[in-house]
Amino acid sequence: MRYFILGMLLVLFLPSFSRAGSQTNEIEFSSNSQVEVRGDVSFLDPSRPEKLDLYLPKNRKTGEKSPAVLLIHGGGWKEGDKRQPREIEFGTTLAENGFVAASINYALRSTGKFPINLHDCKNGIRYLRAHAGELGIDPNRIAVMGGSAGGHLSLMVAYTGDDPALGPTKPYPGNSDKVSCVVDFYGITDIATRKKTDPSGKPTEPRDVENEVQAIFGSNPEDWKKASPVGYIRKDLPPTLILHGRRDTTVDSDQSQELADALKNAGATYAIIWPPNAPHSFSFQYAVPKSKKPLDRNVGPEVLAFLRKHLVKTQ
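Note that the coordinates shown come from a computational prediction; the quantities given were computed from them, not determined experimentally.

### Remarks on the overall build of the protein chain
Within the protein chain, the regular secondary structure consists of 9 helices and 12 strands. In the protein chain, buried positions account for 52% of the 315 residues. Restricting the contact set of the protein chain to residue pairs at least 6 apart, pairs at least 24 apart contribute 74%. Just so you have it, the protein chain exposes about 14000 Å², and 52% of that area is on carbon and sulfur atoms.

The following block contains the structure:
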């Protein structure tokens, strides 16, 4: 009876979400009077199963144009879903604070061999720009944000904006995939230099590039360099916010330090936040989003402040 009642509540109060197109079952729903959710929207070729979820702020003024944020999920480039607890929290929080958010799925495993996975993410940006009018988006105020593998892809989107060698040819020809800023939650920044960690998260010895990763990004160091954000550092990059927990045992914290050092040396605009006790996959307010185990402090306000600062309204 308990599960029947929960199921009925989901049907009654959350009709805008469906499970179609999801790649995992890690789905949590919550009703919110401030946010409109549109689930499983096509944004790639119609034959593609990957979709996106939109989170839109309600009660906007007529004609109001909101900034937008593309959300890219993690999962080691081989699993994960746009509708995991972290992504739902990100999307809902952003929409509550006046942003339009779009959480995407993209090609995974060897099906998503680089740069196909990157093309899918860039097409997420192009979709937002192509549909800016109907979604109430300012096309000059778009950011990208992601965690882990999604952090890596977010950085690649931001650092290779409109690069003809890494841009998709369809389905949005003529639309830019440039962004105004990027938020990287514990992303991989250099495929070749990842390290193992001890149980506390301290980086130790070098880590081999796994066969599954080589199946996606190639088998030699030149391939890895082409697919690594640190290979695209320059002064005029979009502003970057990096967040990485000191107790991360999945992506060693030296990955974020390497990126921060490179950005600093190039004179690029960046900031970095080190939650001291955070493990991998933390969100704005939760160390473990699925169980809602809280972080020592909510980093959401700092992320929102960064987005507001760099998504200023253009005149």
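That was the structure; now back to the text.
### Concerning the side chain of Ser-154
With respect to the element layout, Ser-154 can be found in helix H5 (residues 149-159). The contacts of Ser-154, once residues within four sequence positions are left out, are Ile-72, Val-144, Met-145, Gly-146, Val-182 and Val-183.

### Side note on the environment of Phe-43
Among the secondary structure elements, Phe-43 is positioned in the loop between strand E1 (35-42) and strand E2 (51-57). The spatial distance from the C-alpha of Phe-43 to the C-alpha of Leu-128 is 9.1 Å, given a sequence separation of 85 residues. Not counting chain neighbours up to four residues away, the residues in contact with Phe-43 comprise Glu-50, Lys-51, Leu-52, Ile-104, Asn-105, Asp-120, Asn-123, Gly-124, Tyr-127, Pro-171 and Tyr-172.

### Brief notes about the pattern of salt bridges
For the structure on display, the rule yields 18 salt bridges. Linking Asp-40 and Arg-83 is a salt bridge whose minimum nitrogen-to-oxygen distance equals 3.0 Å. You can see Asp-40 sitting in strand E1 and its partner Arg-83 sitting in the loop between strand E3 (66-72) and helix H2 (85-96), a full 43 residues away along the chain. Take Asp-40: its relative accessible area is 15%, and that puts it in the buried class. Overlapping salt bridges bring together Asp-40, Asp-53, Lys-82 and Arg-83 as one network.

### Digging into the pairing of strand E9 (residues 240-243)
Every second residue of E9 is oriented toward a common face, with Thr-240 and Ile-242 on one face and Leu-241 and Leu-243 on the other, all of them buried. Here 4 bridges tie strand E6 (residues 181-185) to E9, and the two strands are oriented parallel to one another. Across the sheet, residue Val-182 finds its bridge partner in E9, namely Thr-240. Pairing between E9 and strand E10 (residues 270-273): 4 bridges, direction parallel. Directly across from Leu-243, in E10, lies its bridge partner Ile-273.

### Some remarks on the confidence of the model for the protein chain
Here the protein chain averages 91 in pLDDT, while 89% of its residues score no lower than 70. Ignoring residues within four places in sequence, the model shows residues 1-29, a span with pLDDT below 50, making 52 contacts including any to other chains.

### Overview of the packing of aromatic side chains
Under the counting rule described, the total for this entry stands at 9 aromatic pairs. Each ring, one from Phe-90 and one from Phe-284, has its centre 4.6 Å from the other, and the planes form 50°; the classification is tilted. Placement of Phe-90 in helix H2 and of Phe-284 in the loop between E10 and strand E11 (286-288) is noted, with a sequence separation of 194 residues between them. Judged by relative accessible area, which is 2%, Phe-90 ranks as buried. Overall, the relative accessible area of 2% leaves Phe-284 in the buried class. Note on Phe-185 and Phe-284: the rings are 6.2 Å apart at their centroids and 55° apart in plane angle, and the pair reads as tilted.

Rules behind the numbers
Residues numbered from 1 in each chain as written. Predicted model: local features only at pLDDT ≥ 70, side-chain atom pairs only at ≥ 80, totals over all residues. Heavy atoms only, no water. Helix = DSSP H or I, 4+ residues; strand = E, 2+ residues; numbered from the N terminus. Buried < 20%, exposed > 50% of the residue type's maximum accessible area, 1.4 Å probe, protein only. Contact = heavy atoms within 4.5 Å. Areas by Shrake-Rupley, 256 points an atom, 1.4 Å probe, with all protein chains shown as cover. Salt bridge = Lys/Arg side-chain N within 4 Å of Asp/Glu carboxyl O. Pairing = 2+ DSSP bridges. pLDDT = per-residue confidence, 0-100. Phe/Tyr/Trp six-rings, centres within 6.5 Å; stacked < 30°, edge-to-face > 60°.

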